[in-house]
Amino acid sequence: MNFNSKNPFLNNKTFSSTAVSKKDEVHQATLIDYNQEMTLSGTINKSLILFLLLTASATVIWWLAFNGINPMIPAIGGAIVGLILVVISAFKPQYSPYLAPGYALFEGLFIGGISAIFEAMYPGIVIQAVGATFVTFAVCLGLYKYKIVKVTEQFKSVVVAATLAIATYYLISWLFSMFTSFVPVHYGNSMMSIGISVFVIVIAALNLFLDFDRIEKGTEQKMPKYMEWYGAMGLMITLVWLYIEFLRLLSKLNSKN
């Protein structure tokens, strides 16, 4: 059973069929232009650019929120537009050089707004969540780089199955809570709720390994240059998910005090 990263930007279909390797396009009269191929350094640079754009956008909303502006409005708007850009890029990865920066800016509105809300409720929680996210990213990157954790097909199967289970649970819980008086078990600060948050954080972290693997495979297959933006965008999505889950977990722990 062959599973791949469920991050919509980092799956085999995109990195093989829709994004044809420059090497495969070469024929007798054509020279390979290595400047037009996906590279690891290029993907890292694109990831840093997206991170800076997201941070700048989030900082603006953060400042506005603590100066009297309701952060919920830009947060919702940013989340909606960001999702739209994600969907478009999933079907049109060749537009990623334009869509990825836009995603980072609008997702920054969402992150900035949500962070301001949580910070107002639990002072100091944002820096804790940011620190936890960066530490988790660094640890996962180190474990992957030094081959301590190997991304096998079985590993992919387990992570993808767990990710699908989480997505299904969140969707069903949201629908039931919208139309009934049902209160999802992951709400509140019970031990069960905290345990679910820890589990989700672990799965989000494991998705980083799948993302690293697909980016590495993309560079080895000499995908087109625009796939650097595509890969960076997918990695940013996982990091945003991880950060939000850390915020949720820390808020539950803080509410028990």
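All residue numbers refer to positions counted from 1 along the written sequence of the respective chain. For a predicted model such as this one, the threshold for reporting local features is a pLDDT of at least 70, and the threshold for listing and counting side-chain atom pairs is 80 or more; totals across whole chains, interfaces and linings nevertheless cover every residue. Excluding hydrogens and water, the side-chain figures rest on all heavy atoms present in the structure.

Participant: Please clarify how the overall build of the chain should be interpreted in this entry.
Facilitator: Starting at the N terminus, helices and strands are each numbered in turn, a helix being any DSSP run of H or I of at least four residues and a strand any DSSP run of E of at least two. A tally of regular secondary structure across the chain gives nine helices and zero strands. For the chain, the succession of helices and strands along the chain, N to C, is α-α-α-α-α-α-α-α-α. When a residue's accessible area, from a 1.4 Å probe over protein chains only, is under 20% of the maximum for its type it is buried; when over 50% it is exposed; and in between it is partly exposed. Every one of the 257 residues in the chain was classed for burial, and the buried ones make up 44%. Considering only contacts in the chain between residues 6 or more positions apart, those separated by 24 or more positions represent 85%. Between two residues, a contact is recorded if the distance between any of their heavy atoms is within 4.5 Å.

Participant: How should the confidence of the model for the chain be read in this particular structure?
Facilitator: Low-pLDDT portions of the prediction should not be read for the details of their coordinates. Predicted confidence across the chain gives a mean pLDDT of 87, with 86% of residues reaching 70 or more. Summary of the metric used: pLDDT quantifies the predictor's per-residue confidence within the range 0 to 100. Within the chain, helix 6 (residues 125–145) carries the highest mean pLDDT (97), whereas helix 2 (residues 22–25) carries the lowest (49). Contacts for the low-pLDDT stretch residues 1–6, under 50 throughout, to residues beyond four places or in other chains number 20 contacts. Predicted confidence for residues 25–33 stays below pLDDT 50, and this span has three contacts to residues more than four positions away or in other chains.

Participant: Teacher, can you tell me more about the layout of surface pockets here?
Facilitator: Sizing a probe to match a water molecule and rolling it over the atoms shows the empty space that remains. Of the grid points, spaced at 1 Å and generated over the protein atoms alone, those admitting a 1.4 Å probe that cannot get out make up cavities, while open sets with protein on both sides within 12 Å along at least five of seven lines make up pockets; any residue with an atom within 4 Å of a point is treated as lining. Grid points are joined across faces, edges and corners, and a volume is the space filled by probe spheres set on the points. Quantified by volume, the largest pocket comes out at close to 1,700 Å³. Every residue lining the largest pocket is counted, 33 residues in all, and those nearest its centre are Phe110, Tyr170, Trp241, Ile244 and Glu245. When contributions to the lining of the largest pocket are tallied by element, the ones reaching two or more residues are helix 4 (72–91), helix 5 (96–121), helix 7 (153–179) and helix 9 (227–255). Residues are sorted three ways: Asp, Glu, Lys and Arg are charged, Ala, Val, Leu, Ile, Met, Phe, Trp, Tyr, Cys and Pro are nonpolar, and all the rest, Gly among them, are polar. Residues belonging to the lining of the largest pocket are distributed by class as follows: 23 nonpolar, six polar and four charged. There is about 1,000 Å³ of room inside the second largest pocket. Lining of the second largest pocket is provided by 31 residues; of these, Phe51, Phe134, Phe137, Met236 and Leu239 occupy positions nearest its centre. Counting only elements with at least two residues in the lining of the second largest pocket, the list comes to helix 3 (40–65), helix 5, helix 6, helix 8 (191–220) and helix 9. When residues of the lining of the second largest pocket are assigned to their parent elements, the largest contribution, eleven residues, is made by helix 3.

Participant: Looking at this structure, I do not really get the environment of Tyr243. What am I missing?
Facilitator: Note on placement: Tyr243 falls in helix 9. According to the relative accessible area criterion, Tyr243 is buried, its value standing at 8%. When the C-alpha positions of Tyr243 and Gly131 are compared, they lie 9.3 Å apart, and in sequence the two are 112 residues distant.

Participant: Mind showing me how you'd approach the pattern of salt bridges here?
Facilitator: Salt bridge, as used here, is a side-chain nitrogen of Lys or Arg placed within 4 Å of a carboxyl oxygen of Asp or Glu. Summed over the entire model, instances satisfying the criterion amount to seven salt bridges. Connected through salt bridges with shared partners, the residues Glu153, Lys156, Asp213 and Lys217 form a single ionic network.

Participant: I'm lost on the packing of helix 3 against helix 5 in this one. Help?
Facilitator: The packing of two helices is summarised by the inter-axis angle and the distance between the axes. Put simply, helix 3 and helix 5 touch, their axes get as near as 7 Å, and they point 40° apart. When the interaxial angle is binned, helix 3 and helix 5 end up oblique. Relative to helix 5, the crossing made by helix 3 is right-handed. For helices, the fitted line uses only the C-alpha atoms of the stretch in contact; every axis is such a line through C-alpha atoms, and the angle between N-to-C directions lies from 0 to 180 degrees. Should an angle fall under 35 degrees it is taken as roughly parallel, and over 145 as roughly antiparallel, whereas 65 to 115 is taken as roughly perpendicular and any remaining angle as oblique. By convention, the crossing between two helices is left-handed when the near helix turns anticlockwise from the far helix through less than a right angle, and right-handed when the turn is clockwise.

Participant: Sorry if this is basic, but what is going on with the nonpolar core here?
Facilitator: Inside soluble globular proteins, nonpolar side chains tend to come together where they are buried. In terms of nonpolar packing, the biggest core is built from 53 residues, with Leu50, Tyr103, Ile111, Ile244 and Leu247 touching the most fellow members. Among the elements of the structure, helix 3, helix 4, helix 5, helix 6, helix 7, helix 8 and helix 9 are those that each provide at least two residues to this core. Looking at this core element by element, the count peaks at 17 residues for helix 9. Leaving out residues up to four positions away in the same chain, Ile111 has contacts with Leu54, Ala58, Val240, Tyr243 and Ile244. Counting residues in hydrophobic clusters, the runner-up holds five residues, among them Ala162, Ile196, Val200 and Ile203. Side-chain atoms within 4.5 Å link the members of a nonpolar core, which is a set of buried Ala, Val, Leu, Ile, Met, Phe, Trp, Tyr and Cys residues.

Participant: I keep staring at unusual backbone geometry and nothing clicks. Help me out?
Facilitator: Outside of glycine, negative phi angles account for most residues, and trans bonds account for most peptide bonds. A positive phi is found at Lys147, a non-glycine position, where the angle reads about 60°. Tracing the sequence through the fold places Lys147 in the loop between helix 6 and helix 7. Taking the relative accessible area as the measure of exposure, Lys147 reaches 45% and is therefore partly exposed. The phi angle at Lys222 is positive, at roughly 55°, despite the residue not being glycine. Structurally, Lys222 can be placed in the loop between helix 8 and helix 9.

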